[in-house]
Amino acid sequence: MQFLLIFNQSLLPLLLIVGIAIFCQRFFQPDIKQIAGLALNVFAPLLVFDSLTRHQTTLPELWQPFLFMVLLTGAMLILGRLAACALRLSPQDRISFILACSMINIGNFGLPLIYFTYGQQAVPMSVIIFVVFNIPLTTLAIFVSSDKAHTRDMLMDVLKIPIFHAMLLALIFTAAHWQLPSGLAKGVHLMAEGAIPLLIFVLGLQLATISLSRHWKVYAWAIVLAVGIRLFASPLLADRILNLFSFPALEHNVALLQTSGPSALLPLMYAINFNRSPELLAALILSTTVVSGISLPLVISLL
């Protein structure tokens, strides 16, 4: 039943959009980088701003979840880097592999899953986890993806991506208890709702370009290791880290389940933007998403 719930709510819509995108890429061959640029520079920033301001999360609620995010993300970055070195991946593939292991689909996958698993009482903690794990997605993931050689230039790349500014602006709005005028807020929300299907569509376009006949052994092992790290090692590490804090049982379970999800979609936009092996990253995102239909019910049953 849990598998069917996850498949129906999260996997089936994703696979449908991916299939349509693959069809479009095969027959119409649209410019992937142009579409990804539109998603990255227009729709995704509006999604981040709309999501954070709509939930009105205040800063004092964030400190323990923020520390949890720092420790878990740091551990997954290290684990991903060690595995990438063991696979002897090229520098481009290594970046994609590390991003797939460390960046989590915390919003469009995690939020509905928590609601359907634990109900309305779990939503506040779920939103807080969503907010804090958006921080590395809108800063660190850009920094890691940057194709610059020097730290200063990498930081400049972070500042150039509109998602970073959208996050800062949303936090300012929330801290000051500001709200957009209703008409403007509806327009922002309408465009924000289009971001998720567009991000999934770009994933499908990129998947259509993959040629597994080249380097298939490296891709196969990279997929197996990324799935193991993202969907099985991550929940174990998250559980150990959460035990360091004083979260109530429900909040502990929400944080653990929500951070056990598949790889995030946004890093694929960065990989396309900075030419960081988007083919491999697209394959890793789809693989972790499909296998999460098995792993997440297992996590739920063990909580």
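To be clear, the structure that these remarks concern was listed above.
Residues numbered from 1 in each chain as written. Predicted model: local features only at pLDDT ≥ 70, side-chain atom pairs only at ≥ 80, totals over all residues. Heavy atoms only, no water.

**Q** Explain the overall build of the protein here, please?
**A** Along its length, the protein carries 15 helices and zero strands. Within the protein, the proportion of its 303 residues that are buried is 52%. A separation of at least 24 residues holds for 85% of the contacts in the protein among residues at least 6 apart in sequence. Just so you have it, the protein exposes about 13,800 Å², and 69% of that area is on carbon and sulfur atoms. (Helix = DSSP H or I, 4+ residues; strand = E, 2+ residues; numbered from the N terminus. Buried < 20%, exposed > 50% of the residue type's maximum accessible area, 1.4 Å probe, protein only. Contact = heavy atoms within 4.5 Å. Areas by Shrake-Rupley, 256 points an atom, 1.4 Å probe, with all protein chains shown as cover.)

**Q** Honestly, the nonpolar core in this entry has me stumped. Any pointers?
**A** Nonpolar side chains tend toward joint burial in soluble globular proteins. If you look at the biggest cluster of nonpolar residues, it comprises 97 residues, and the most contacted ones within it are Phe 68, Phe 97, Phe 133, Met 269 and Tyr 270. Per-element tally for this core: the top contributor is helix H2 (residues 32-55), with ten residues. (Core = buried A, V, L, I, M, F, W, Y, C linked by side-chain atoms within 4.5 Å.)

**Q** Explain unusual backbone geometry here, please?
**A** Keep in mind that most residues, glycine aside, have a negative phi and that most peptide bonds are trans. The phi dihedral of Gln 29 is positive, around 50°, even though this residue is not glycine. Position of Gln 29 among the secondary structure elements: in the loop between helix H1 (2-28) and H2. For Gln 29, a relative accessible area of 62% gives the class exposed. The phi dihedral of His 177 falls on the positive side, at around 60°, and the residue is not glycine. Note on placement: His 177 falls in the loop between helix H9 (162-176) and helix H10 (182-193). His 177 sits in the exposed class, given a relative accessible area of 58%.

**Q** What should I look at first to understand the packing of helix H3 (residues 63-87) against helix H6 (residues 123-138) in this one?
**A** Working note: a packed helix pair is described by the angle between its axes plus the distance between those axes. Running from N to C, H3 and H6 cross one another at 50°; their axes reach a closest spacing of 9 Å. One finds that H3 runs oblique with respect to H6. Where H3 crosses over H6, the handedness of that crossing is right-handed. Mapping the contact onto sequence places Pro 65, Phe 66, Phe 68, Met 69, Leu 72 and Thr 73 in H3 and Met 125, Ile 128, Ile 129, Val 132, Phe 133, Ile 135 and Pro 136 in H6. Of the residues that constitute the contact of H3 with H6, the class distribution is twelve nonpolar, one polar and no charged. (Axes fitted to C-alpha atoms, helices over the stretch in contact; angles between N-to-C directions. Parallel < 35°, antiparallel > 145°, perpendicular 65-115°, else oblique. Left-handed = near helix turned anticlockwise from the far one by under 90°. Nonpolar A, V, L, I, M, F, W, Y, C, P; charged D, E, K, R; others polar.)

**Q** I keep staring at the environment of Ser 145 and nothing clicks. Help me out?
**A** In this fold, Ser 145 is placed in helix H7 (residues 140-145). Take Ser 145: its relative accessible area is 0%, and that puts it in the buried class. Along the sequence, Ser 145 and Val 158 sit 13 residues apart, while their C-alpha atoms lie 9.5 Å from each other. Dropping the residues within four chain positions of it, Ser 145 is found in contact with Ile 95, Leu 99, Tyr 270, Phe 274 and Arg 276.

**Q** I keep staring at a nonpolar patch on the surface and nothing clicks. Help me out?
**A** Nonpolar side chains collect at one region of the surface, where Trp 63, Phe 66, Leu 67 and Val 70 lie side by side and expose about 380 Å² of accessible area between them. One can find Phe 66 in helix H3. (Patch = residues over 30% accessible without salt bridge, like charges linked within 9 Å, V, L, I, M, F, W, Y side chains within 5 Å. Salt bridge = Lys/Arg side-chain N within 4 Å of Asp/Glu carboxyl O.)

**Q** Sorry if this is basic, but what is going on with the packing of aromatic side chains here?
**A** For any pair of aromatic rings, the description rests on two quantities: the centre-to-centre distance and the angle between the ring planes. Here the structure, examined in full by the defined rule, presents six aromatic pairs. On the basis of an interplanar angle of 75° and a centroid distance of 6.5 Å, the ring pair of Phe 23 and Phe 28 is categorised as edge-to-face. By relative accessible area, Phe 23 is classed as partly exposed at 45%. Note on Phe 28: relative accessible area 61%, which makes it exposed. Residues Phe 245 and Phe 247 carry aromatic rings whose centres are separated by 5.7 Å and whose planes lie at 55° to one another, so their mutual orientation is tilted. (Phe/Tyr/Trp six-rings, centres within 6.5 Å; stacked < 30°, edge-to-face > 60°.)

**Q** Mind showing me how you'd approach the environment of Asp 153 here?
**A** By the element assignment, Asp 153 lies in helix H8 (residues 151-160). Assessed through its relative accessible area of 27%, Asp 153 is described here as partly exposed. On a C-alpha basis, the gap between Asp 153 and Phe 143 in space is 9.3 Å, while along the polypeptide they are ten residues apart.

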